[in-house]
Amino acid sequence: MTTYIILLGPPGAGKGTQAQAISETLRLPHISSGDIFRENLKKETELGKLAAGFMNKGELVPDDVTIAMIRERLTRSDCQAGALLDGFPRTPAQAVALSNMLEELGGQVAAVPYISVPEPVLIERLTGRWTCRQAGHIFHEKYNPSRQPGRCDFDGSELYQREDDKAETVTRRIRVYLEQTKPLIDYYQQLGCLIEVDGTLPIEQVTANLLAALPANE
Ligand code: AMP
């Protein structure tokens, strides 16, 4: 059975944190479009250079580029049983492209957990977020601090503030989310796969609620 799960929610809702926590339990690879772009940025590939111009301004990378990148990733062998998607789709065109892709791959969207968090909370979360250089593990200076300041608990690598987590870019990212990504909530609700989860609860509680609500765990 091929299971594709899409984590939906505004920037700062905790999609990355939750995906890291649940992908192992669900035995599905965690595919984060943002992480793939950042990986390309680090390696200075053409894709990375192209994406950087959009990411640093808090804008979306064009659909055709993003869709081709995800298509390539989903056809790799580790996705044979499905995937946990984080950050994709982010526009109606991406959602349609994904459903066509999954049809070709013989799968379908099993569930779309929507992690809801009110807007004022998002800004505080994003501007206090620190990310590990090596593997993208996520911490928050106030709500989820690393044990040793500036070092990742999991791999000891340096923690840094993402360029797009700086205050001026955060407001823009939230606006882009409201305009381009929020309509997907209705889209997946109409398809009957949306599951709303309160993202303001403690991290472990959100994880437990997600796992309890997902069809694979019923
Ligand atoms: P994230 O780590 O998911 O917050 O993504 C960081 C940035 O990468 C976004 O602000 C966009 O510039 C870009 N990005 C990630 N996913 C997508 C997507 N599905 N479509 C377009 N741009 C994306």
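Placed above this text is the structure.
Bear in mind that the values here come from a model prediction, so they are computed numbers and not experimental data.

**Remarks on the overall build of the protein chain**
Then comes step 1: If you tally the helices and strands in the protein chain, you get 9 helices and 8 strands.
Then comes step 2: Whereas a compact globule of 218 residues would reach a radius of gyration of roughly 17 Å, the protein chain reaches 16 Å, a difference of no more than 12%.
Then comes step 3: Based on the C-alpha atoms only, the size of the protein chain along its principal axes is roughly 45 × 40 × 35 Å.
Then comes step 4: The burial tally for the protein chain puts 50% of its 218 residues in the buried class.
Then comes step 5: Of the roughly 11000 Å² of accessible surface on the protein chain, 50% is carried by carbon and sulfur atoms.
Then comes step 6: Distance between charge centres in the protein chain, computed from 23 positive and 29 negative side chains, equals 4 Å.

**A short note on the site of the ligand**
Then comes step 1: Neighbouring the ligand are 16 residues, the closest being S33, R38, E59, G87 and Q94.
Then comes step 2: R38 places a polar side-chain atom, nitrogen or oxygen, 2.9 Å from an oxygen atom of the ligand.
Then comes step 3: Look at the ligand: alone it shows 480 Å² of surface, and the protein chains cover 96% of it.
Then comes step 4: In terms of residue count, the dominant contributor to the shell around the ligand is helix α2 (residues 33-42) (4 residues).
Then comes step 5: Of the residues that constitute the shell around the ligand, the class distribution is 5 nonpolar, 5 polar and 6 charged.

**Quick look at the sheet that holds strand β6 (residues 138-140)**
Then comes step 1: In spatial order, the strands read β6-β5-β7; together these 3 strands make up an open sheet with antiparallel pairing. Across the chains shown, the open sheet's two edge strands, defined by having one partner strand only, are β6 and β7 (159-160).
Then comes step 2: Pairing of strand β5 (residues 129-132) with β6, which is carried by 3 bridges, proceeds in the antiparallel orientation. Its bridge partner being in β6, T131 is matched across the sheet by I138.

**Let's talk about helix α8 (residues 183-190)**
Then comes step 1: When α8 is considered as a whole, its buried residues turn out to be L184, I185 and Y188. Each buried residue of α8 lies within a common arc of 110° when the element is viewed along its axis, so the set occupies one face.
Then comes step 2: If you follow the buried residues of α8, they end up packed against β1 (3-7), α5 (92-105), β4 (108-116), α7 (167-181) and β8 (194-198).
Then comes step 3: Of the residues trailing α8, G192 is marked for its positive phi of about 80°.

**A short note on the environment of L178**
Then comes step 1: Within the secondary structure, L178 sits in helix α7.
Then comes step 2: Those residues within four positions of L178 in sequence are excluded, and the remaining contacts are E119 and P183.

**Quick notes on the packing of aromatic side chains**
Then comes step 1: For the structure shown, the criterion picks out 2 aromatic pairs.
Then comes step 2: Residues Y187 and Y188 carry aromatic rings whose centres are separated by 4.9 Å and whose planes lie at 85° to one another, so their mutual orientation is edge-to-face.
Then comes step 3: A cation over a ring is seen here: R133 above Y160, with NZ or CZ 4.2 Å from the ring centre.

**Considering the environment of L7**
Then comes step 1: On the secondary structure map, L7 appears in strand β1.
Then comes step 2: With relative accessibility at 2%, the residue L7 sits in the buried group.
Then comes step 3: Spatially, the C-alpha atom of L7 lies 6.2 Å from that of Y114, the residues being 107 residues apart in sequence.
Then comes step 4: Other than its neighbours up to four places away in sequence, L7 contacts K15, A19, L84, L85, D86, G87, P113 and I115.

**Brief notes about the sheet that holds β4**
By way of backbone hydrogen bonds, the strands of a sheet pair with one another, either parallel or antiparallel.
Then comes step 1: Taken together, the 5 strands give an open sheet; going across it, the order is β2-β3-β1-β4-β8, and neighbouring strands pair in parallel fashion. For this open sheet the edge positions go to β2 (30-32) and β8, each flanked by a neighbour on one side alone. Averaged over all neighbouring strand pairs, the angle between strand axes comes to 25°, with direction disregarded.
Then comes step 2: Pairing analysis gives 5 bridges linking β4 to β8, with the strands arranged parallel. From the neighbouring strand, S116 faces β8, where its bridge partner is D198.
Then comes step 3: This element, α2, spans β2 and β3 (82-86) of the sheet and lies at about 65° to β2.

About the thresholds
Residues numbered from 1 in each chain as written. Predicted model: local features only at pLDDT ≥ 70, side-chain atom pairs only at ≥ 80, totals over all residues. Heavy atoms only, no water. Helix = DSSP H or I, 4+ residues; strand = E, 2+ residues; numbered from the N terminus. Rg over C-alpha atoms; globule rule 2.2 N^0.38 Å. Buried < 20%, exposed > 50% of the residue type's maximum accessible area, 1.4 Å probe, protein only. Areas by Shrake-Rupley, 256 points an atom, 1.4 Å probe, with all protein chains shown as cover. Lys, Arg positive; Asp, Glu negative; His and termini not counted. Charge placed at Lys NZ, Arg CZ, Asp CG, Glu CD. Near = heavy atom within 4 Å. Polar contact = N/O pair within 3.5 Å; in protein donor to acceptor, adjacent residues only side chain to side chain. Nonpolar A, V, L, I, M, F, W, Y, C, P; charged D, E, K, R; others polar. Pairing = 2+ DSSP bridges. Arc of directions from axis to C-beta. Contact = heavy atoms within 4.5 Å. Phe/Tyr/Trp six-rings, centres within 6.5 Å; stacked < 30°, edge-to-face > 60°. Lys NZ or Arg CZ within 6 Å of the ring centre and 35° of its normal. Axes fitted to C-alpha atoms, helices over the stretch in contact; angles between N-to-C directions.

All quantities given are derived from atomic positions and should not be read as evidence of function.
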